[in-house]
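# Close look at the chain arrangement
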Amino acid sequence: MPSPRSFEKTLPALALSLGLLSACPAPGPTDTAKQPDDVAKATALLDASARLPPRAEVVALADQIAILATKEGAIEEQAKLDVLAADLRARLHRIEGTDADAREALELYAAAARVARGTEAGCRADRARALLLGELAHDASTSYRELYLVKRRQASLAADGKTSACVEALARDLALAQGYRPGGADLAELEREGDKAERTVAAAAGTASASIVPVASTSSPPADLIVAPMDLKPAKGTAKIEKIEKFAAEGGGRVVIHLSEPTTFQVGTLEADDKTGKDARIYLDIEKATAKGVSREIDVGGAIKRIRSGPREGGARIVLDLSSAMHRRVFYLPEPFRIVIDVSSRPPEQKAPANGPRTVKRVAIDPGHGGHDDGAVGPTGLKEKEVALDVAHRVAPVLAHELGVETLLTRDSDVFVPLEERTARANAFHADLFISIHCNASENGEARGIEVFVLDELKDTSRAAARVAALENGLGVKKGIDAESLDKEMAQIVGRLQSGEIATSSRKLGDLVTRATLASFGTRYPDTKDHGLKSAGFYVLLGAEMPAVLFETSFISNPDDEGRLAKADYRQKLADGIVNAVRAYREGK
Ligand SMILES: [Zn+2]
């Protein structure tokens, strides 16, 4: 079994070529000083004897290198930078065991292999990805399988059958892993997959006839992300694409595909092609699905030019034509089943420093509900949607005047905005914080006080918290929804989606909202009960690229709390609490 470290042995050579990079003209004036420093620093940290600084610092450095990669014009250099960033994240994963780092490394290796297809750098990235996949699976036969597929793919990419150092290294890897080669039918199956990988590469290079797939006019490289919902039952029939929702601005966008039932899907990315004039694309192959009944082409604008859909073998394909290459993030929401595709011009997982002042220039305030969705309604008829909007209207101007913060209201009037669109707006606005304002409701009307929620993969969810989430997710409690198992699934999705750092920062913000609100109530409402900070699977928070909290300002279902929520004075104190929490967060408290 080849050790993953065997790839690290090639790193000195890689570092050498990266060292040369610093002699090249820097792509922009701001990078002139940074580029060689960061690259040299990262390279040094990969040395087996190097001690790693705190995780946040290493992640920031890896992100910086990944950003440099996006600015790099030459594809091989771009791939090398992506691989360097990936190596850093992989090393972090080996030392700290953090899944988010392993995932990020895999993404970066895949990106490098894609961008530098057919080059030595692309091959090295593909090989590193296969080795890491095997390592993560703790299974040498996985390593064999992944390396085998990479070798078939890379060998056919090499021009005129010429062999390269990387393809030779792959052959050596496979020889070492010979003992884990599958036998019999499994080997035949693997070889068939190898044939397919080779054909796919050949077709993409234009040596095969045009594809029969209507929406994809060329075949695609193998999709790099496969997602299967938890507890996926065998599909009863065909999953019907019921509608496609879209939101886009210049900085990013979101597409939500609603399906009649859960199914597996694969995601891939294609580069823009100057020769054919094709845009950068993200494609989604949805198994056992049909796109009959939705428009084949939907114009969007901004970051997403258009969405195309159509049939493909075994299911449906959705293609997003992008205005330029974008970072992507794809996940699903259960109940009802939806696939969400986020694109952004900035890399995911912007980091906030753990200590000291934090950057807060833009804040998204999200007044819950609106339009036909009243939210919870109090005993005398006060509506949650009215309270939420009024509190938001009190928060926004103060944030602007006192803190000089730009604010975005996800709704500014009594209109309905879908839950998925709210974070999409905040992401496109590049908000640093997201605060969703709501009123709580209990079954018997007795509960009172304030409660703040965050999304977290940690499973501290109580039955009560899961119930609040089900209510706020618009699922109600009567439809036979199993709120707790839904919440478990949401925790798993959150785990795949966000790093622990967003969750930590969200908890920090949530804690400050609680404390600042209690302080704001002060002696005027000293009896306010604090239900504390909880986590549960709120759709409205999912996919937020920034720390995000959902603030249940009080129980509108309780006559006394409703009475307070109706008063301007109480609403102003709530607003002051939110503003003071943002201030404290910015000051690093
Ligand atoms: Zn609500």
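Relevant structure appears above.
These notes cover the structure that comes with them. (Residues numbered from 1 in each chain as written. Predicted model: local features only at pLDDT ≥ 70, side-chain atom pairs only at ≥ 80, totals over all residues. Heavy atoms only, no water.)

A few words now on the overall build of the protein chain. Along the protein chain, the regular secondary structure elements total 17 helices and 17 strands. Taken over 589 residues, the protein chain has a buried fraction of 54%. (Helix = DSSP H or I, 4+ residues; strand = E, 2+ residues; numbered from the N terminus. Buried < 20%, exposed > 50% of the residue type's maximum accessible area, 1.4 Å probe, protein only.)

For the coordinates displayed, the defined rule picks out 6 aromatic pairs. Centroid distance F521 to Y570: 4.8 Å. Interplanar angle 10°. Geometry classified as stacked. Note that F521 is positioned in helix α15 (residues 500–521) and Y570 in helix α17 (residues 568–586), a separation of 49 residues in sequence. An aromatic cluster of at least three residues, connected via ring pairs, comprises F521, Y525 and Y570. Lying across the ring of Y585, R358 places its NZ or CZ 4.4 Å from the centre. The cationic tip of R362 hangs over the ring face of F429; the distance from NZ or CZ to the ring centre is 4.9 Å. (Phe/Tyr/Trp six-rings, centres within 6.5 Å; stacked < 30°, edge-to-face > 60°. Lys NZ or Arg CZ within 6 Å of the ring centre and 35° of its normal.)

The expected angle between donors at a tetrahedral four-coordinate metal is 109.5 degrees. At an octahedral six-coordinate metal it is 90 or 180 degrees. Protein coordination of the zinc ion is provided by H369 (NE2), E384 (OE), H438 (ND1), E472 (OE) and E472 (OE), with donor distances spanning 2.0 to 2.4 Å. Of note, the donors binding the zinc ion are all from one chain and are spaced H-x14-E-x53-H-x33-E. With a gap of 69 residues between them, H369 in the loop between β12 (362–367) and α11 (384–403) and H438 in strand β14 (residues 433–440) connect regions that are remote in the sequence. Of the two residues, H369 and H438, both sit in the buried class. (Donors = N, O, S within 2.8 Å, 3.2 Å for Na, K, Ca; no water.)

Here helix α7 (residues 120–137) is 18 residues long and its end C-alpha atoms lie 26 Å apart, about the 26 Å a rise of 1.5 Å per residue gives. Across the 18 residues that make up α7, a large majority, 13, are buried. (Expected span 1.5 Å × (residues − 1).)

Here, disulfide denotes a covalent bond that connects the sulfur atoms of two cysteines. With the rule as written, the count across this model stands at 1 disulfide. In this model, C123 is linked to C166 through a disulfide, with the two sulfur atoms separated by 2.0 Å. Between C123 and C166 the disulfide shows an S-S torsion of about -80°. By sign, it is left-handed. Taken together, the residues C123 in helix α7 and C166 in helix α9 (residues 165–176) connect sequence positions 43 residues apart. On the accessibility criterion, C166 (3% relative accessible area) is buried. (Disulfide = S-S within 2.5 Å.)

Further remarks concern the sheet that holds β14. The mixed open sheet is built from 6 strands, whose spatial order is β13-β12-β14-β17-β15-β16. A strand with exactly one partner marks an edge of an open sheet, and here the two such strands are β13 (406–409) and β16 (530–535). When the angles between neighbouring strand axes are averaged without regard to direction, this sheet yields 20°. Strand direction decides the pairing type here: β12 and β13, joined by 4 bridges, are parallel. If you follow I365 over to β13, its bridge partner there is L409. Against the sheet, α11 makes contact with β12, β13 and β14, and its axis sits at roughly 160° relative to β12, the strand it touches most. (Pairing = 2+ DSSP bridges. Axes fitted to C-alpha atoms, helices over the stretch in contact; angles between N-to-C directions. Contact = heavy atoms within 4.5 Å.)

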